[in-house]
Amino acid sequence: MKQHLLPAFRLTLVLLVVCCLIYPALIWAGAQLAPNSGQGETISHRSRVVGYDNVGQKFTRPEYFWSRPSAVDYNSAGSVGSNKGPSNHEYQATVQARLDTFLLQNPGVTKAQVPAELITASGSGLDPHLSPAGAAVQVARVARARQLDAAKVQALVAQHTQHSLLGPDRVNVLRLNVALDEL
Amino acid sequence: MINELLGIGAIYFLTLVLALPLGHYLARVFKGEKNLLDFLRPVESSIFRLSGIDARREMSWQQHLVALLTINLVWFLLAMLVLSTQGSLPLNPDQNPSMSPDLAFNTAISFLVNCNLQHYSGESGLSYLSQIVVITFLQFVSAATGIAAAVVVFNALQTRATDKLGNFYNYFIKSLTRLLLPGSLLVALLLAFNGTPMTLQGKQELVTLQGDSVAVSRGPVAAMVAIKELGTNGGGFYGANSAHPLENPNYLTNAIENIALVIIPVAMVFALGFYLNRRKLALMIFGVMTVGFVVLLAPTVYYELQGNPAISHLGVNQALGALEGKEMRFGAAASAYWSITNTVISCGSVNSMHDSFMPLSGLTQMLGMMTNAFYGGCGVGLLNFFAYLIIAVFIAGLMVGRTPELLGKKIEAREMKIAILVTLLHPLLILAGTALTAHLYTGNPQEYAGWLANPGYHGFSEILYEFTSSAANNGSGFEGLGDNTPWWNISTGVVLLLSRFLPIIGPVAIAGLLARKKYVPESAGTLPADTATFGVMVMAVIVIIAALAFFPALALGPIAEHFSLY
């Protein structure tokens, strides 16, 4: 062991320089060419940064599209899922309560129209997206609160729906809400 | 649903298409033949010169192990030192505190052994210095350690009698310079251009559109996430790991990360075939691994796309499947695929919360870690498979009355004992740890109430999963578990140490012993190891030893939960 100890120390020092200095520096340099210099893409509204493209936000007012339930309440200084098991009765009661609240705040919507994502929490607690169905079911409420034609809001949702060949279709909630404010 | 299934099909297909040439390349690298990155030789020479290492000195299997264990000890001490003092060290813009001794112990071990069990949350538990000097560093070197150990076994299985098995430092450094560093560089840049942060600035405070004040965590994420996946490490920069939208911003990055974590374990199997010039053997190993993988994958995708029956009862639209703990940009199918690739391979990163998966998906995830050889971790997956192979050769040999031989070398009592010890250690650590914890918990449920996030069968699954993940050096968790307590930190820390180094020492020792033996050319009396029949035999051994040992425990957890839910 003794004959290996000194080389091990020296090799560790050399590798610290390679893996912890040169390697991150190269990526950092490359990232300077990436959008927003590798600091994450932000979204601005009326010349103020209102959030990150990829980080979901909490919306509670009726005139905005709401994001999914979140175990961290969209506090982006942390991130976690609810970690509730599928058979947990307390969890099932929470989901039922979310559904009841949603139906109450969106009169005219039936249970079968509510997609599961609106009553279940995401993995990160910061999910920035909804499915097109998750946005569609909120159109009537948003249009009413903003005194807009529902067709116009629906068109905006369609415009902000990202289709993909391989993954599920989705709508970025923050981008959609910014577009609403800019109408 | 169709495009979600197409998505995971495309990810798997691309992985294989890339793994085959990579395997060929790796075989050339480790044989010292001409290859693409030979221009890096001066860099490697200067690393060896600066470290005072003669990389041409041939080592016996014992010398390999001493070198491996010594340098691992140095890394452990370095990690302990930094983690327990990070609060007063530089590069800590969010002013996160130093770790408690038991948490530092658990974290240092966990990353040293390529497990990456995390009993802290990255946003608040680590400084940027720790993220780079401890986490990223250990993710590189622990993966390279596993690969180097596998190459020692490759070398030993050649058709000659010797105890000179190459140089550990040579294999180790080449794993870094020829594979992990360039690969991570590529992956990290792809991530950075898709919105993953790469900055040393702290949290950004901002006011949201609706008017709430929030702080968004940033950091040198891209550099770390790349090696996290490529080195089958799995420990996330953020608490939510690859479910976090900055750590894994879109479907494309999800595919890139998922391919990155599967590619080396698969390529190593192909590399074995090219290295030994025994392609049929590699094909047999790949076949058994793939069958095991698909058997675990299919039900998981099915149950996740079906959704939670308890939520179906509410009468809502569950067309996209079970979504608790999942992200909309990935969907149920890609989340299920990710969870199985990450559990059969000891990576353990998550893009959705395993705690919230359907009960039988939890079962398949655990089985992936219990067998721990369907592809398996960087290098070590093949070592685990090698132990199963030895047992299968021995049993099959006895069954048909032939001398047990593998690749022209006789398997005798000594090799068999080591292989059995290594394979039985795994269920012992998992089941004993789970039993002990369940005993503690039931003895005083009030005192330990913080441990479990879910009652009943699922709570038991949380305990079982944690020990399975530790013993498989996986690192994912049923994260509802309140695991930052001295009991969990120390018990899983000990399991981690035993289950990393013994399964490396065992197979390397077997290979070393075999290498010394006289080569007996294959004859009519030889049981060929590269046939489909033998593949079935290996699979039977894996099912009997690994899977059935766990059946009673699984019946108490996920199986019972399944029948209570459906």
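Each value, and the rule that gives it
Residues numbered from 1 in each chain as written. Chains lettered and ligands numbered in written order. Predicted model: local features only at pLDDT ≥ 70, side-chain atom pairs only at ≥ 80, totals over all residues. Helix = DSSP H or I, 4+ residues; strand = E, 2+ residues; numbered from the N terminus. Rg over C-alpha atoms; globule rule 2.2 N^0.38 Å. Buried ≥ 20, exposed ≤ 12 C-beta atoms within 10 Å, placed from the backbone. Contact = placed C-beta atoms within 7 Å. Expected span 1.5 Å × (residues − 1). Bend = angle between axes of the 7 residues up to and from the residue. Nonpolar A, V, L, I, M, F, W, Y, C, P; charged D, E, K, R; others polar. Pairing = 2+ DSSP bridges. Axes fitted to C-alpha atoms, helices over the stretch in contact; angles between N-to-C directions. pLDDT = per-residue confidence, 0-100. Domains from an automatic or database assignment. Core = buried A, V, L, I, M, F, W, Y, C linked by C-beta atoms within 7 Å. Parallel < 35°, antiparallel > 145°, perpendicular 65-115°, else oblique. Left-handed = near helix turned anticlockwise from the far one by under 90°.

Visitor: Got a minute to help me understand the overall build of chain B in this structure?
Guide: Helix and strand content of chain B: 19 helices and 4 strands. Relative to the 2.2 N^0.38 estimate, which gives 24 Å for 566 residues, the radius of gyration of chain B is 23 Å and therefore close to what a compact globule would have. Considered along the principal axes of its C-alpha atoms, chain B spans approximately 75 × 55 × 50 Å. Per-residue burial for chain B yields a buried fraction of 62% across its 566 residues. Taking the intrachain contacts of chain B between residues at least 6 apart in sequence as the baseline, contacts between residues at least 24 apart amount to 79%.

Visitor: What's the story with the overall build of chain A in this structure? I'm lost.
Guide: Secondary structure summary: chain A contains 6 helices and 5 strands in total. For chain A, whose C-alpha radius of gyration is 23 Å, the value lies well above the compact-globule estimate of 16 Å for 183 residues. Projected onto the principal axes, the alpha-carbon positions of chain A cover approximately 80 × 45 × 30 Å. The 183 residues of chain A split such that 47% are buried. Within chain A, counting contacts between residues at least 6 apart in sequence, those at least 24 apart form 52% of the total.

Visitor: I keep staring at helix H1 (residues 2-31) of chain B and nothing clicks. Help me out?
Guide: Two residues of an α-helix separated by three or four positions point the same way, owing to the 3.6 residues in each turn. Residue and element names in this part refer to chain B. A rise of 1.5 Å per residue sets the reference length of H1, with its 30 residues, at 44 Å; its end C-alpha atoms lie 44 Å apart and thus fit the reference within 8%. Helix geometry: H1 is bent most strongly at Ala 19, by close to 25°, with proline Pro 21 lying one to four residues after it. Packing partners of the buried residues in H1 comprise helix H6 (128-156), helix H7 (168-192), helix H9 (251-276) and helix H12 (331-344). Just beyond H1, the residue with positive phi is Gly 32, at close to 80°.

Visitor: Please explain the interface of chain A and chain B as it appears in this structure.
Guide: How large an interface is tends to be reported as the accessible area lost when its parts come together. On the chain B side, the residues contacting the 90 residues of chain A number 98 residues. Going through the elements one at a time, helix H1 (2-31), strand S2 (48-52), helix H2 (89-105), strand S3 (129-130) and helix H6 (173-181) of chain A are the ones with two or more residues in the side of chain A that touches chain B. Ranked by residue count, the leading element in the side of chain A that touches chain B is H1(A), at 21 residues. Looking at side-chain class alone, the side of chain A that touches chain B contains 46 nonpolar, 34 polar and 10 charged residues.

Visitor: What am I meant to see in unusual backbone geometry here?
Guide: Notably, Ser37(A) is not glycine yet its phi reads approximately 45°, a positive angle. Examined against the element boundaries, Ser37(A) turns out to sit in the loop between H1 and strand S1 (42-45).

Visitor: Even after reading the chapter, I still don't get helix H4 (residues 101-112) of chain B, so can you show me in this structure?
Guide: All names here are of chain B. End to end, H4 covers 16 Å across 12 residues, agreeing with the expected 16 Å (1.5 Å per residue, within 8%). Burial analysis of H4 places 10 of its 12 residues in the buried class, the great majority of the element. If you follow the buried residues of H4, they end up packed against helix H3 (61-85), H6 and helix H17 (486-516). Looking one or two places after H4, you find Asn 114, whose phi comes out positive at around 70°.

Visitor: I tried to follow the environment of Ile545(B) on my own but got confused; where do I start?
Guide: Locating Ile545(B) in the fold gives a position in helix H18 (residues 532-547). Along the primary structure Ile545(B) and Ala298(B) are separated by 247 residues, whereas in three dimensions their C-alpha atoms are 22 Å apart.

Visitor: Just checking my understanding: could you explain the sheet that holds S3(A) for this structure?
Guide: The strands that make up a sheet are held in pairs by hydrogen bonds between backbone atoms, and each pair lies either parallel or antiparallel. Residues and elements named next belong to chain A. Spatially, S3-S5-S4 is the arrangement adopted by the 3 strands of the open sheet, whose pairing is antiparallel. The strands lining the two open edges of the sheet, one partner per strand, are S3 and strand S4 (161-162). Sheet topology places S4 next to strand S5 (residues 170-172); 2 bridges connect them, and they run antiparallel. Within the sheet, the bridge partner assigned to Gln 162 lies in S5 and is Arg 170. Strand contacts of H6: S3 and S5, with the helix running at about 55° to S5, the strand carrying the most contacts.

Visitor: Explain the confidence of the model for chain A to me, please; I cannot follow it from the model alone.
Guide: Fine structural detail should not be taken from predicted coordinates in areas where pLDDT scores are low. Summary statistics for chain A give a mean pLDDT of 93 and a share of 99% for residues scoring 70 or more. Here S1(A) is the element of chain A with the lowest mean pLDDT, 90, and S3(A) is the one with the highest, 96.

Visitor: How do you make sense of the pairing of S1(A) when you look at a structure like this?
Guide: Along any regular strand the residues' side chains alternate between the sheet's two faces. All names here are of chain A. Sheet analysis places S1 next to S2, joined by 4 bridges and oriented antiparallel. Within S2, the position partnered with His 45 by the bridge is Arg 48. Between S1 and S2, which pair antiparallel in sequence order, lie 2 residues; one of them, Arg 46, sits at a positive phi of approximately 50°.

Visitor: Looking at this structure, I do not really get the domain arrangement of chain A. What am I missing?
Guide: Domain boundaries assigned for chain A yield domain 1 (1-39) and domain 2 (40-181). Placing a centre on the C-alpha atoms of domain 1 of chain A and another on those of domain 2 of chain A gives a separation of 40 Å.

Visitor: Sorry if this is basic, but what is going on with the nonpolar core here?
Guide: What tends to happen in soluble globular proteins is that the nonpolar side chains get buried as a cluster. Ranked by internal contacts, the top residues of the largest apolar core, which has 228 residues, are Val152(B), Ala222(B) and Ile390(B). Looking at this core, the element that brings in the most residues is H6(B), giving 20 residues. Viewed by domain, this core spans two of them, domain 1 (1-39) and domain 2 (40-181) of chain A, each represented by three or more residues. Non-local contacts of Ala222(B), meaning those with residues more than four positions away in its chain, are made with Ile27(A), Ala31(A), Ala188(B), Leu191(B), Ala192(B), Thr196(B), Pro197(B) and Met198(B). One finds Val50(A), Tyr64(A), Phe65(A) and Leu174(A) within the second-largest nonpolar core, a separate group that totals 19 residues.

Visitor: For this particular structure, what's the right way to read the packing of helix H10 (residues 279-306) of chain B against H18(B)?
Guide: Two measures define how a pair of helices packs: the angle their axes make with one another and the distance between the axes. Residues and elements named next belong to chain B. H18 packs onto H10 with a crossing angle of 45° between their chain directions and a minimal axis gap of 9 Å. Judged by the angle between their axes, H10 and H18 are oblique. Handedness of the crossing formed by H10 with H18: right-handed. Contacts between H10 and H18 involve Met 284, Gly 287, Val 288 and Val 291 from the former and Phe 534, Gly 535, Val 538 and Met 539 from the latter.

Visitor: Please clarify how the confidence of the model for chain B should be interpreted in this entry.
Guide: Residues of chain B with pLDDT of at least 70 account for 100%, and the chain-wide mean is 93. Reported confidences for the modelled complex are a pTM of 0.95 and an ipTM of 0.95.

Visitor: Mind showing me how you'd approach the pairing of strand S2 (residues 213-216) of chain B here?
Guide: All names here are of chain B. Here S2 shows a buried face lined by Val 214 and Val 216 and an unburied face lined by Ser 213 and Ala 215. Two elements, strand S1 (residues 204-207) and S2, share 4 bridges in a ladder whose sense is antiparallel. Each bridged residue has a counterpart across the sheet, and for Leu 206 the counterpart in S2 is Val 214. Where S1 hands over to S2, the hairpin turn is made up of 5 residues, of which Gly 211 adopts a positive phi near 110°.

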